[in-house]
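Topology and contacts: notes
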Amino acid sequence: PSTEKATDSVRLQMRAMAKAFKGRDGALVKALLAEAQFDEELATAFRERWAMPRRAMARAVFEDAVRQGVMRSGVDVETIIDLLYAPIYYRLQMGTGPLSDAYVDEIFDHAMEGLRRA
């Protein structure tokens, strides 16, 4: 989703991903990730066709956020992507709690607190 403020787009995308992961898409991703542990060809395909295109989109949004002055400059965008999205995948895989908007907002708000431009 595109919004005026780049970081708001990230929050909305994280919410959409968490919502999708609550249904059949989540079950499929969970199964693919599990199987990819034992199948290098599947792991490569998942990474190249699913993960990397989404990382590229996220990277562009974070670079916009830095340009807009919403996030401080000098941040490692790849680390920020991991920081924000890994908890969603962890909850999907481990079933440690709901993939709710409240959970996504908590992750997002904590991360943004440290990333805001001073």
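Description of the structure in this document. (Residues numbered from 1 in each chain as written. Predicted model: local features only at pLDDT ≥ 70, side-chain atom pairs only at ≥ 80, totals over all residues. Heavy atoms only, no water.)

**A few points about helix α4 (residues 77-94)**
A rise of 1.5 Å per residue sets the reference length of α4, with its 18 residues, at 26 Å; its end C-alpha atoms lie 26 Å apart and thus fit the reference within 8%. For α4, the complete set of buried residues consists of Val77, Ile80, Ile81, Leu84, Tyr85, Ile88, Arg91 and Leu92. The N-cap residue of α4 is Asp76: its side-chain oxygen and the backbone nitrogen of Glu78 are 3.1 Å apart. Positive phi shows up at Gly95, right after α4, with a value of about 65°. (Helix = DSSP H or I, 4+ residues; strand = E, 2+ residues; numbered from the N terminus. Expected span 1.5 Å × (residues − 1). Buried < 20%, exposed > 50% of the residue type's maximum accessible area, 1.4 Å probe, protein only. Polar contact = N/O pair within 3.5 Å; in protein donor to acceptor, adjacent residues only side chain to side chain.)

**Re the packing of aromatic side chains**
All told, the structure shown has 2 aromatic pairs when counted by the stated rule. For the pair Phe21 and Tyr89, a centre-to-centre distance of 5.4 Å together with 65° between the ring planes defines the contact as edge-to-face. With a gap of 68 residues between them, Phe21 in helix α1 (residues 6-21) and Tyr89 in helix α4 connect regions that are remote in the sequence. Residue Tyr89 is classed as partly exposed on the basis of its relative accessible area, which comes to 21%. (Phe/Tyr/Trp six-rings, centres within 6.5 Å; stacked < 30°, edge-to-face > 60°.)

**A few points about the side chain of Arg55**
Within the secondary structure, Arg55 sits in helix α3 (residues 40-68). Residue contacts for Arg55: discarding those within four places in its chain leaves Glu78, Ile81 and Asp82. (Contact = heavy atoms within 4.5 Å.)

**Points about the environment of Ile80**
Mapped onto the secondary structure, Ile80 falls in helix α4. Considering only alpha carbons, one finds Ile80 and Glu35, 45 residues apart in sequence, at a separation of 26 Å. Those residues within four positions of Ile80 in sequence are excluded, and the remaining contacts are Phe62, Val75 and Leu115.

**Notes on the packing of α4 against helix α5 (residues 101-115)**
Following both chains from N to C, one finds α4 and α5 inclined at 160°, their axes separated by 10 Å at the closest point. Classified by the angle their axes make, α4 and α5 are roughly antiparallel. Handedness of the α4/α5 crossing: right-handed. On the side of α4, the interface is formed by Ile80, Leu83, Leu84, Pro87, Ile88 and Arg91, while α5 contributes Tyr103, Val104, Ile107, Phe108, Ala111, Met112 and Leu115. Each residue belonging to the contact of α4 with α5 can be placed in one class, and the counts come to 12 nonpolar, no polar and 1 charged. (Axes fitted to C-alpha atoms, helices over the stretch in contact; angles between N-to-C directions. Parallel < 35°, antiparallel > 145°, perpendicular 65-115°, else oblique. Left-handed = near helix turned anticlockwise from the far one by under 90°. Nonpolar A, V, L, I, M, F, W, Y, C, P; charged D, E, K, R; others polar.)

Keep in mind that these numbers describe shape and distance, not what the molecule does.
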